[in-house]
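Residue strings, one per chain:
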Amino acid sequence: MMKHLHEITPLHAQYTHILDHGDIATWPDLFTEDAIYTVQSRENYDAKLPLCLLRFESSAMLHDRAYAATQTIYHDPYYQRHILSQPLIVSSQFDAVHCETNYLIIRTRRDALPQVLSVGRYIDHIVQTAQGWRFAQRQCIYDNDLIANSIVLPI
Amino acid sequence: MMKHLHEITPLHAQYTHILDHGDIATWPDLFTEDAIYTVQSRENYDAKLPLCLLRFESSAMLHDRAYAATQTIYHDPYYQRHILSQPLIVSSQFDAVHCETNYLIIRTRRDALPQVLSVGRYIDHIVQTAQGWRFAQRQCIYDNDLIANSIVLPI
Amino acid sequence: MMKHLHEITPLHAQYTHILDHGDIATWPDLFTEDAIYTVQSRENYDAKLPLCLLRFESSAMLHDRAYAATQTIYHDPYYQRHILSQPLIVSSQFDAVHCETNYLIIRTRRDALPQVLSVGRYIDHIVQTAQGWRFAQRQCIYDNDLIANSIVLPI
C-alpha cells in the first residue's frame, strides 16, 4: 500500500503543477492513450446518472480540450490553485492503484478576492506504464453544482 | 517517525472518506472503546477552559452521535469535504503516536456556493490495536468561533 | 526522491505549526544563516520583476521580522491556518532538495467568518545542515494580489 502511496504522490503533484502553472499542452501526457477523464457533479455520480460536465475518452480528446482551453475559449483570465488532501488507497495491485483524493481548487481573478472554484474528490485508476505511472481513469466528482462563472481549465 | 507517518496517513484518509461520503455509522469504528472525542474552540482550548461544543467519552457515545446526526437531527442538507495538511508528529512510540494535523472543511449546500464550515487542527493520540491503528483521542480545535449555520456531521 | 519527501514533510509541518500556533520567535530557526525569504506576487514572479512584498536576506532579518510581527505591529488580531498540498520535488541531491508546494492560508478574525488570506505556492531550496534540514531559500508566491486587510505574520 505505502509503496503505491509513494508512487501516486509525485503523479498527483505533477498533475497539480501542470494545471496551476505549466503548459496545459502536457497535461494529456499524464494519461494513458485510452484514458477516461470525466468531470461530474456528485449528485449525478451518486444517483448513477450518466451526465457529465466534461467527458473525454482518449488522450486525443484530452489534447483537443487542452487546445480549446488555451487557444479558443474567450474568458475572464484567472489563476487556479489545487490543494489536495491525503489519498485514500482503495485497492492496489503490483501495477495498478485505485485511489480517491479530496481536492479544493481556489480561483483568483485580477482585482478580486480568491474564491472556491471547485471542491470534491478525484477517483483515480492509476497504472504502471513504460513512461511511469499514468492515469487510466480520473473522475473529478465535484460537490458544488453551482459554479461561480465557468470552468475553463481542467479540474 | 516516518514509519508512523505511513500508518496514520491511511487512518486519516479513511476517517475523512467516511465523514465526507460513507456510512457515518462506521465512524466510531475508527476509535478505541474508551476513546475521547472533542470539538472545542481554539479560544477555550488555549485558555485551558473545559467547555466543548461536543465531548464524547466512549465508543458508545460516538455511536449515539452517529445515530443522532443521521437519524434524528432535522437540518438543511449539505455536503462536506475535508482537506488535510501534512501531519506533524509530536511524539511516537512503538504502538502510539501523538500528532497534529491542520484541517479545512468546506460545506456545500444545494444551490449555494461552497463555504468554509470549519478550520482548525486535529490533536490526535493514535494507538495500535488488534484491529489496526485507532484514535484513542481526537481533539478537533476550531479557529472559527462563528459558524455559519450549525455543525451536524462530525468534524 | 521519496527519501527526500520524507525529510521535507516534517520540516513543512513544523514550519506550519510554528506560524499557526507557536512562538514566532523560533520561526527563523528553520532557516540557514544566510537564507533568503521572499513573499512576492505571482504576477511579478512570472514577469521576472524584482519587487517583493517582503524580502529578507539573512536569519538576522527574519528575527527582526518575527520581533516586528509580534511586538511592534498594531493590528486586528487574527488566527491563521496553513493547509499544504503534496510537495512536488523538482530536483534533489544527497543534501539538498528543490521543491514546490501549494499552500492555502485561512484567516479567522474574532466574530467573523473565515476567509482566504493568501493562496499560492512555496518554492523551496532545502538543505541538510548540522541541525537537520533547513530552508536555504523559501519563496512564497501568492496568486491573490488583492489581500483583505494586510499580512502581518509570515506566510
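This one's a predicted model, so the numbers in the text were calculated from it and none came from an experiment. (Residues numbered from 1 in each chain as written. Chains lettered and ligands numbered in written order. Predicted model: local features only at pLDDT ≥ 70, side-chain atom pairs only at ≥ 80, totals over all residues. Heavy atoms only, no water.)

Trainee: Tell me about the packing of aromatic side chains, and name the residues and values.
Mentor: Using the criterion set out here, one finds 27 aromatic pairs over all chains in the structure. Centre to centre, the rings of F31(A) and Y37(A) are 5.8 Å apart; their planes meet at 90°, and the pair counts as edge-to-face. Summarising the burial analysis for this pair, F31(A) and Y37(A) share the class buried. Note on Y15(C) and F135(C): the rings are 5.4 Å apart at their centroids and 75° apart in plane angle, and the pair reads as edge-to-face. Of this pair, Y15(C) sits in helix α1 (residues 2–20) while F135(C) sits in strand β7 (residues 132–142), and the two are 120 residues apart along the sequence. (Phe/Tyr/Trp six-rings, centres within 6.5 Å; stacked < 30°, edge-to-face > 60°. Buried < 20%, exposed > 50% of the residue type's maximum accessible area, 1.4 Å probe, protein only. Helix = DSSP H or I, 4+ residues; strand = E, 2+ residues; numbered from the N terminus.)

Trainee: Tell me about the interface of chain A and chain B, and please be specific about residues and values.
Mentor: At the interface, 24 residues of chain A touch 27 residues of chain B. Buried area between chain A and chain B, summed over both chains or domains, comes out near 2200 Å², and the portion from carbon and sulfur atoms is 60%. R81(B) is the partner of D143(A) in a salt bridge, and the nearest nitrogen-oxygen pair spans 2.6 Å. Our count for the chain A to chain B interface comes out at eleven residue pairs in polar contact (both at pLDDT 80 or more). Those elements that provide at least two residues to the side of chain A that touches chain B are α1 (2–20), α2 (42–46), β3 (78–84), β5 (96–109) and β6 (115–129) of chain A. The residue makeup of the side of chain A that touches chain B, split by class, is twelve nonpolar, six polar and six charged. (Contact = heavy atoms within 4.5 Å. Buried area = accessible area lost by both parts, 1.4 Å probe. Salt bridge = Lys/Arg side-chain N within 4 Å of Asp/Glu carboxyl O. Polar contact = N/O pair within 3.5 Å; in protein donor to acceptor, adjacent residues only side chain to side chain. Nonpolar A, V, L, I, M, F, W, Y, C, P; charged D, E, K, R; others polar.)

Everything listed here is a matter of coordinates, which is why it stays silent on function.
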